[in-house]
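Spelled out from the first residue to the last, the chains are:
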Amino acid sequence: MKKKQIYVTEPSLPEVEEFIPYLKDIWETKWLTNNGKYHKQLEVDMADYLGVDYISLFTNGTLALITALQALNIKGEVITTPYTFVATANSLIWNNLKPVFVDVDPIYGNLDPDLIEAAITPRTTAILPVHVYGFPANVSRIQEIAQKHKLRVIYDAAHAFGVCLDGESILNHGDLSILSFHATKVYNTMEGGAIISHDAATKQHIDQLKNFGFMNEISVVAHGINSKMNEMQAALGLLQLKYHKSNIDRRAEIAELYHTGLSKIAGIRLASSPAGLSNYNYGYYPIFISESIYGQSRDSLYHYLKTQDIIARRYFYPLISQYSAYQEIGAASQLSVPTAEKISKEVICLPIYPELDPEDVLRIIDLIKEYRSH
Ligand SMILES: *Cc1c(COP(=O)(O)O)cnc(C)c1O
């Protein structure tokens, strides 16, 4: 029998029996979308769970990002990172904004605050950092720079569900933050997303934007889009919230196994925990391969693991600025991003999810140990 393939992640789901009563209720009431009771409940419960003021639920994270930029009426140039999922920069293009890619720090792969100011021009209006792998970007330095230059800050917090810095939700930083509840994220509603805002008026504006711009039945006050979350997504979200803490505990155990097994292999750097991180979500387990010391390239390790039915992923390779669609808009001819290029060639994200068998984790560790050439 062929061995089961182990992917970088596997979505967590509650028992289907637990979901069925919600489905029956939705079928009975025939309230399928448009701020239904599960949607309302999830906005309240999730804000409470995460320790934030206001949440607007979305059909996915990308539309949340596109709408966040609309909500703050961002124009011109936006400073962002090339070391992220392509949706970060695509959301700028969909708003007719110019992404300006600034290099990242070599440890976590987050936007390097020391390099932001040099990239600011008279056309710069905002900064769009990412909390890569759920590791907090340097929120205090970014805040200082934004204040000094009167820039807005929108965090792409797609990886940062439940992450706290110094005991407080990372989502309370910046003007807005967005979340993704895609199947591959630590908390999923199959597809889904959210915008976190800090005052009622902003939430109301965002809620209008995600519903065509309607303020009420007869008045449209903004050029909105349709990016509403439906009742099935919201009902699943309520159940997922119940199991989130225990899922994170399982992920933490797996991360600990990797950490113990991999920390003494020459040529492999593990991502260390940033200072002040008080709640981490273990959404990813990135390791960085130094070819000259490990004796094999990142790519050969990636392909070797594949032959052993371990489907790791090179998050994030290539950089956004290296994609052909971005070469065409001249993104590559902008600032140089040597650190992002370097870590993009070294990184490999290992499988991590609550139901991953510890035996499989130990096997992955052994494969990585054995493959090293001496
Ligand atoms: C997943 C992800 C998104 C997009 O979210 P979707 O819900 O898939 O639309 C945006 N940014 C980052 C960094 C992501 O990882």
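That block above? That's the structure.
So, how was this worked out
Residues numbered from 1 in each chain as written. Predicted model: local features only at pLDDT ≥ 70, side-chain atom pairs only at ≥ 80, totals over all residues. Heavy atoms only, no water. Helix = DSSP H or I, 4+ residues; strand = E, 2+ residues; numbered from the N terminus. Rg over C-alpha atoms; globule rule 2.2 N^0.38 Å. Buried < 20%, exposed > 50% of the residue type's maximum accessible area, 1.4 Å probe, protein only. Contact = heavy atoms within 4.5 Å. Areas by Shrake-Rupley, 256 points an atom, 1.4 Å probe, with all protein chains shown as cover. Lys, Arg positive; Asp, Glu negative; His and termini not counted. Charge placed at Lys NZ, Arg CZ, Asp CG, Glu CD. Near = heavy atom within 4 Å. Polar contact = N/O pair within 3.5 Å; in protein donor to acceptor, adjacent residues only side chain to side chain. 1 Å grid on protein atoms, 1.4 Å probe; cavity = no way out; pocket = protein on both sides within 12 Å on 5 of 7 lines; lining within 4 Å. Sits in = over half its atoms within 2 Å of the grid points. Points joined across faces, edges and corners; volume = space filled by probe spheres on them. Nonpolar A, V, L, I, M, F, W, Y, C, P; charged D, E, K, R; others polar. Core = buried A, V, L, I, M, F, W, Y, C linked by side-chain atoms within 4.5 Å.

**Comments concerning the overall build of the chain**
For the chain, the count of helices and strands is 12 helices and 17 strands. Computed over C-alpha atoms, the radius of gyration of the chain comes to 21 Å, within 12% of the 21 Å expected from 2.2 N^0.38 for 374 residues, which places it in the range of a compact globule. On the principal axes, the C-alpha backbone points of the chain span a range of 70 × 55 × 40 Å. Taking all 374 residues of the chain together, 53% fall into the buried category. Residue pairs in contact within the chain that sit at least 24 positions apart in sequence constitute 72% of those at least 6 positions apart. For the chain, the exposed surface amounts to about 16900 Å²; the carbon and sulfur share of it is 54%. Computing the positive centroid from 33 side-chain charges and the negative centroid from 41, the chain places the two 4 Å apart.

**Remarks on the site of the ligand**
What surrounds the ligand is a group of 14 residues, the closest being Thr62, Asp156, His159, Ser180 and Lys185. One nitrogen or oxygen atom from the side chain of threonine 62 is found 2.6 Å from an oxygen atom belonging to the ligand. The contact in question runs from an oxygen atom of the ligand to an N or O atom on the side chain of serine 180, over 2.7 Å. For the ligand, whose accessible area on its own is 380 Å², the fraction buried by protein is 93%. Judged by its atoms lying within 2 Å of the grid points, the ligand is housed in the largest pocket.

**What to know about the layout of surface pockets**
Quantified by volume, the largest pocket comes out at close to 610 Å³. Phe85, Thr184, Lys185, Tyr315 and Phe316 are the residues nearest the centre of the largest pocket, which is lined by 34 residues in total. Sorting the residues of the lining of the largest pocket by element identifies helix H3 (61–71), helix H4 (87–93), strand S9 (176–180) and strand S17 (347–350) as the ones contributing at least two each. Among the elements that line the lining of the largest pocket, the one with the most residues is H3, at 3 residues. The class makeup of the residues in the lining of the largest pocket is 18 nonpolar, 11 polar and 5 charged.

**Concerning the nonpolar core**
Nonpolar side chains in soluble globular proteins tend to be buried together. Formed by 67 residues in total, the largest nonpolar core has its most connected members in Met46, Tyr83 and Tyr133. Take this core: its biggest share by element is 7 residues, from helix H7 (residues 231–262). Aside from chain neighbours lying at most four places away, what touches tyrosine 133 is Tyr83, Tyr108, His159, Tyr280, Asn281, Tyr284, Pro286, Phe288, Tyr315, Phe316, Val347 and Cys349. Listed in part, the 28 residues of the second largest apolar core include Ala255, Ile289, Ile352 and Val361.

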